[in-house]
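Per-entry structural report
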Amino acid sequence: MHVKKYLLKCLHRLQKGPGYTYKELLVWYCDNTNTHGPKRIIREGPKKKAMWFLITLLFASLVCWQWGVFIKTYLSWEVSVSLSMGFKAMDFPAVTICNASPFRYSKVRHLLKDLDELMEAVLARILAPESSQANATAAMNLSTWNYTPLVLIDERDPHHPVVLDLFANDPTGSASSSPGPRGACNAQGCKVAMRLCSLNGTSCTFRNFSSATQAVTEWYALQATNIFSQVPQRELVELGYSAERLILACLFGAEPCSYRNFTSIFYPDYGNCYVFNWGMTEKALPSANPGTEFGLKLILDIGQEDYVPFLASTAGVRLMLHEQRSYPFIREEGVDAMSGTETSIGVLVDKLQRKGEPYSPCTVNGSDVPVQNLYGSYNTTYSIQSPYHAQLRNQTPVSCQCRCPLFPLPRQATFCNPRTSPSWAPCYLALRMSEAERETCIRMCKESCNDTQYKMTISMADWPSEASEDWIFHVLSQERDQSTNVTLSRKGVVKLNIYFQEFNYRTIEESAANNIVWLLSNLGGQFGFWMGGSVLCLIEFAEIIIDFVWITIIKLVALAKGLRQRQAQARYAGPPPTVAELVEAHTNFGFQPDVGHRSPDAEAYPDEQALPIPGTPPPNYDSLRLQPLDVVESDSEGDAV
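Residues numbered from 1 in each chain as written. Predicted model: local features only at pLDDT ≥ 70, side-chain atom pairs only at ≥ 80, totals over all residues. Heavy atoms only, no water.

- Going by the annotation in an unreviewed UniProt entry, the name recorded for the protein chain is Epithelial sodium channel subunit beta, with Oryctolagus cuniculus given as the source organism.
- Note on the protein chain: under the UniProt heading Catalytic activity (unreviewed entry), the record states "Na(+)(in) = Na(+)(out)".
- The Sequence similarities (unreviewed entry) field of the UniProt record for the protein chain holds the comment "Belongs to the amiloride-sensitive sodium channel (TC 1.A.6) family. SCNN1B subfamily." (UniProt positions renumbered as here; feature names shortened; annotations may be inferred.)

Structure, rendered in structure tokens:
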């Protein structure tokens, strides 16, 4: 009912029309507003009126400009970073350790037999090209070599470099390059490079290296990846180092631990890796106090004598500290500890708290990142490395038509290999170095809104010392192998001490640099300084704007109504009928127009309508109606009174 009543009032107001003009409304506003400039415009003389008009217009423009600057600054969503210190007992971080060699050579020798023979021939050609025999590679399997060969680039003439194939003189070799004077090419004049060909060898590029050591190491790792990608993962786990063999001694604080306290995962670059205090099935372990005696102490046997000679050029362990329930991306974020040393790692904690959208492009749990988590099977938390790896894995089958062996394999899919996809290696390397792919990942990947980083201070010392070497290795050999003979050596052991340096932690927190209070304060300050106004002045200005719009609506409605009336009058050519004629035409039903005889003016009326014909009105039959006597008498008495 209230809405209907309000609408009726609005309709009545529209029909009544505006009660004042634009000029009257503007004069009323200038005379009653609380701002200073408009009052002077209407009250001063002509000259001062013009001066005050220009001043008011200038200051109003300055206010609008300043408002635009402040609003733009506010919408830039800038953040300020605050650093605070805290002190409390903290959970010990998760520790992931991997051997530098992913596999034991005694178990993978049969898989790498052909590749090792080819590698030895390559080294022989590089180290002593004059003494190498032409038929040295005749009995070798060169199918792997033909896919991705190593070449020598003679750069003695920088303007005309010559590409020399290492096996160009062999009848079974791929003599696609010029044999060249290899005997006269030394290490300074020739560089070893890897030839990467795609599209069936029609398009080739060269990956150059400054040293032959880097070239042969990268080439061997690429070929070994092709070989191991054809072996099921459960078999690869058996080919690596077991936790029982790797972990000789473990102590956390005052409590002993063993390899059973570690969780095993398989990492393509490092084989079997083991995580301590991961927090997947058990509660995270707290650290009682800072200091080495309250941290994690490990003695590891890396078994360096069983390293793959051409695959693992580094001796030691790769380790990483990370949060519980987070996947360890140890290749990108890990550090190395060398053999024959005691490595002490002091830990400081930094907690990062990002503001989130729209200030920082971060995510809480990764649900709003449009890339699947590759490591969801481990039930780990979100990390920015996960969508980066997922983007590379998803783009590899699109660009290279196969799956890269360095990432988890989806169901019912196979890894790349040179037999089915000969050009996958150059395709993947180009994809990994592509700037467009990095930009795509930067747009899609997001940092975690809440992150914990562990800052490490690393120090090393020789271990064991020469004075204690004999008895330490005797004890460790007896505990592991139940033998009185020494089965360990300095080059095969690593000792780790991981501990909190202090319980102080830093919190790096983002906050809005410009909040809504800052915006309103600056807007009000500028408006008050230049115009002498306040919020009430803005309400007055909004009121006059509404009145202007209301007058415009009323005028438009009146204009539309007038147009409809003029259109209705334009339908008739002659004068409109009088009121008396219309009354007689509608009250005298005894006369009907004759359709057969049309008058000359009938064409002015459309739709076959004839002019109304006047006639004698019918009698008023109400005068003959019989009424009761008492009613008649009462009426007469009323007339007499």
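**So, the overall build of the protein chain**
- A count of helices and strands for the protein chain gives 19 helices and 18 strands.
- Evaluated residue by residue, the protein chain yields a buried proportion of 37% over its 641 residues.
- In the protein chain, once contacts between residues fewer than 6 apart in sequence are set aside, the share between residues at least 24 apart is 73%.
- When the accessible surface of the protein chain is totalled, it reaches about 37800 Å², and 57% of it is carbon and sulfur. (Helix = DSSP H or I, 4+ residues; strand = E, 2+ residues; numbered from the N terminus. Buried < 20%, exposed > 50% of the residue type's maximum accessible area, 1.4 Å probe, protein only. Contact = heavy atoms within 4.5 Å. Areas by Shrake-Rupley, 256 points an atom, 1.4 Å probe, with all protein chains shown as cover.)

**Here we look at the UniProt feature "transmembrane region" (unreviewed entry) in the protein chain**
- Per the UniProt record, "transmembrane region" (unreviewed entry) is found at residues 50–70.
- For residues 50–70, helix accounts for 100% and strand for 0%, while the C-alpha atoms at its two ends are 30 Å apart.

**Some remarks on the nonpolar core**
- V108, L112, W145, L150, W219, Y220 and W424 are the most contacted members of the largest nonpolar core, which totals 63 residues.
- Of the residues that make up this core, three or more belong to each of domain 2 (86–105 + 230–512) and domain 3 (106–129 + 139–167 + 186–229).
- L246, I302, Y454 and F503 belong to the second largest nonpolar core, which has 35 residues in total. (Core = buried A, V, L, I, M, F, W, Y, C linked by side-chain atoms within 4.5 Å. Domains from an automatic or database assignment.)

**What to know about empty space enclosed by the protein**
- In the structure shown here, the tally under the stated rule is 3 cavities of 30 Å³ or more.
- Looking at the largest cavity, the residues that line it are Y388, Q391, L392, L431, R432, S434, E437, R438 and C441.
- Looking at the lining of the largest cavity, the elements with two or more residues in it are helix 12 (385–400), helix 13 (424–432) and helix 14 (435–444).
- Among the residues forming the lining of the largest cavity, the class breakdown is 4 nonpolar, 2 polar and 3 charged. (1 Å grid on protein atoms, 1.4 Å probe; cavity = no way out; pocket = protein on both sides within 12 Å on 5 of 7 lines; lining within 4 Å. Points joined across faces, edges and corners; volume = space filled by probe spheres on them. Nonpolar A, V, L, I, M, F, W, Y, C, P; charged D, E, K, R; others polar.)

**Here's the deal with the sheet that holds strand 2 (residues 94–99)**
- Read across the sheet, 5 strands follow the order 9-10-2-12-13 without closing on themselves; strand pairing throughout is antiparallel. Strand pairing shows two members of the sheet lacking a second neighbour, strand 9 (262–267) and strand 13 (335–338), which therefore form its edges. Taken over all neighbouring pairs, the strand axes of this sheet differ in orientation by 30° on average, direction set aside.
- Sheet topology places strand 2 next to strand 10 (residues 271–276); 4 bridges connect them, and they run antiparallel. Of the residues in strand 10, the one forming a bridge with T96 is V275. (Pairing = 2+ DSSP bridges. Axes fitted to C-alpha atoms, helices over the stretch in contact; angles between N-to-C directions.)

**Comments concerning a nonpolar patch on the surface**
- On the surface, a cluster of nonpolar side chains totalling about 400 Å² of accessible area is made up of F541, I545, V549, I553 and V557.
- Examined against the element boundaries, I545 turns out to sit in helix 17 (residues 535–569). (Patch = residues over 30% accessible without salt bridge, like charges linked within 9 Å, V, L, I, M, F, W, Y side chains within 5 Å. Salt bridge = Lys/Arg side-chain N within 4 Å of Asp/Glu carboxyl O.)

**Remarks on the side chain of T507**
- Assignment of secondary structure puts T507 in strand 18 (residues 493–512).
- For T507, a relative accessible area of 10% corresponds to the buried category.
- The contact partners of T507, leaving out residues within four places of it in the chain, are S82, L83, S84, K351 and Q353.

**As for the state of the cysteines**
- Taken as a whole, this structure holds 3 disulfides when the rule is applied.
- Residue pairing for C98: its cysteine sulfur links by disulfide to C273, the two sulfurs lying 1.9 Å apart. Between C98 and C273, the disulfide has an S-S torsion of 120° and is therefore right-handed. Remark: C273 occurs in strand 10 and C98 occurs in strand 2; sequence separation between them is 175 residues. Of the two residues examined, C98 and C273, each falls in the buried class.
- Disulfide partner of C362: C449, at an S-S distance of 2.1 Å. On the S-S bond that ties C362 to C449, the torsion sits near 90°, and the link is right-handed. On the criterion of sequence distance, the pair formed by C362 in strand 15 (residues 362–363) and C449 in the loop between strand 16 (447–448) and strand 17 (450–462) is long-range, its members being 87 residues apart. The residues C362 and C449 share a single accessibility class, namely buried. (Disulfide = S-S within 2.5 Å.)

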